[in-house]
Amino acid sequence: MNKRKANTIILLNALVYPLFLLFFYTRLPETIPMQFSLSGEVNWSLPLNMALIAFTAVLGLYFGFILVKHKDTNTYPMKDWLVALILPELYVIVLVIAMATK
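Residues numbered from 1 in each chain as written. Predicted model: local features only at pLDDT ≥ 70, side-chain atom pairs only at ≥ 80, totals over all residues. Heavy atoms only, no water.

Before going further, it helps to examine helix 4 (residues 78–101). An α-helical turn contains 3.6 residues, so a residue and the one three or four places further along point in the same direction. With 24 residues, helix 4 ought to run about 34 Å at 1.5 Å a step, and its terminal C-alpha atoms sit 34 Å apart, in line with that. At I86, helix 4 shows its maximal bend, which comes to roughly 30 degrees, and the proline P88 appears one to four places after that position. Residues of helix 4 that are buried include every one of D80, W81, A84, L85, L87, P88, Y91, V92, L95 and A98, and no others. For helix 4, the elements touching its buried residues are helix 1 (3–14), helix 2 (16–24), strand 1 (31–36) and helix 3 (48–69). (Helix = DSSP H or I, 4+ residues; strand = E, 2+ residues; numbered from the N terminus. Expected span 1.5 Å × (residues − 1). Bend = angle between axes of the 7 residues up to and from the residue. Buried < 20%, exposed > 50% of the residue type's maximum accessible area, 1.4 Å probe, protein only. Contact = heavy atoms within 4.5 Å.)

Printed below as a string of structure tokens:
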């Protein structure tokens, strides 16, 4: 996909995560489940602020990695573009699951 068009789509899609936090931050639990057992019980969780810092750091690092890795090309490979597109939604899904298990 053309780099300019892909960057625009990725940027607009990346706004899903901060907008979700803006509207639902007060409803999030104190801990975010990170691992579940086969029976559905929470095995491991992170405090809310640590989870949000980790999510934001990974998202920023991945976007930066993609921009630096493909700075001299005119297009992004499909796998890199799709991961950059899906990553913010995955974080929102994790937070929604945390709200549902609260």
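Back to the write-up after that little detour.
Okay, the nonpolar core next. Across soluble globular proteins, you tend to see nonpolar side chains buried next to one another. Ranked by size, the top nonpolar core spans 26 residues in total, and within it Y17, L21, F63 and L95 carry the most contacts. For this core, the secondary-structure elements that each account for two or more residues are helix 1, helix 2, helix 3 and helix 4. Beyond its immediate chain neighbours, meaning those up to four positions away, F63 contacts I10, A14, A84 and P88. (Core = buried A, V, L, I, M, F, W, Y, C linked by side-chain atoms within 4.5 Å.)

This part is about the packing of helix 3 against helix 4. Direction vectors running N to C along helix 3 and helix 4 enclose 175 degrees, while the axes themselves pass 11 Å from each other. In terms of axis orientation, helix 3 runs roughly antiparallel to helix 4. Facing L52, F55, V58, L59, Y62, F63, I66 and K69 of helix 3, the residues of helix 4 in contact are K79, D80, V83, A84, L87, P88, Y91, V94 and L95. Here the contact of helix 3 with helix 4 is composed, by residue class, of 14 nonpolar, no polar and 3 charged. (Axes fitted to C-alpha atoms, helices over the stretch in contact; angles between N-to-C directions. Parallel < 35°, antiparallel > 145°, perpendicular 65-115°, else oblique. Nonpolar A, V, L, I, M, F, W, Y, C, P; charged D, E, K, R; others polar.)

With that settled, the discussion passes to the packing of aromatic side chains. Evaluated as defined, the whole model comprises 4 aromatic pairs. Where F55 meets Y91, the ring centres are 4.5 Å apart and the plane angle is 10 degrees; that geometry is what we call stacked. Note that F55 is positioned in helix 3 and Y91 in helix 4, a separation of 36 residues in sequence. Summarising the burial analysis for this pair, F55 and Y91 share the class buried. One aromatic cluster is present, formed by Y17, F55 and Y91 through successive ring pairs. (Phe/Tyr/Trp six-rings, centres within 6.5 Å; stacked < 30°, edge-to-face > 60°.)

With respect to the element layout, V58 can be found in helix 3. Accessibility expressed as a relative area gives 41% for V58, which makes it partly exposed. A sequence separation of 38 residues divides V58 from F20, and the C-alpha atoms of the two residues are 17 Å apart.

When their charged atoms lie close together, side chains carrying opposite charge are able to pair. Summed over the entire model, instances satisfying the criterion amount to 1 salt bridge. With a closest N to O distance of 3.6 Å, K69 and D80 form a salt bridge. Remark: D80 occurs in helix 4 and K69 occurs in helix 3; sequence separation between them is 11 residues. Residue class for K69 comes out partly exposed when judged on its relative accessible area of 43%. (Salt bridge = Lys/Arg side-chain N within 4 Å of Asp/Glu carboxyl O.)

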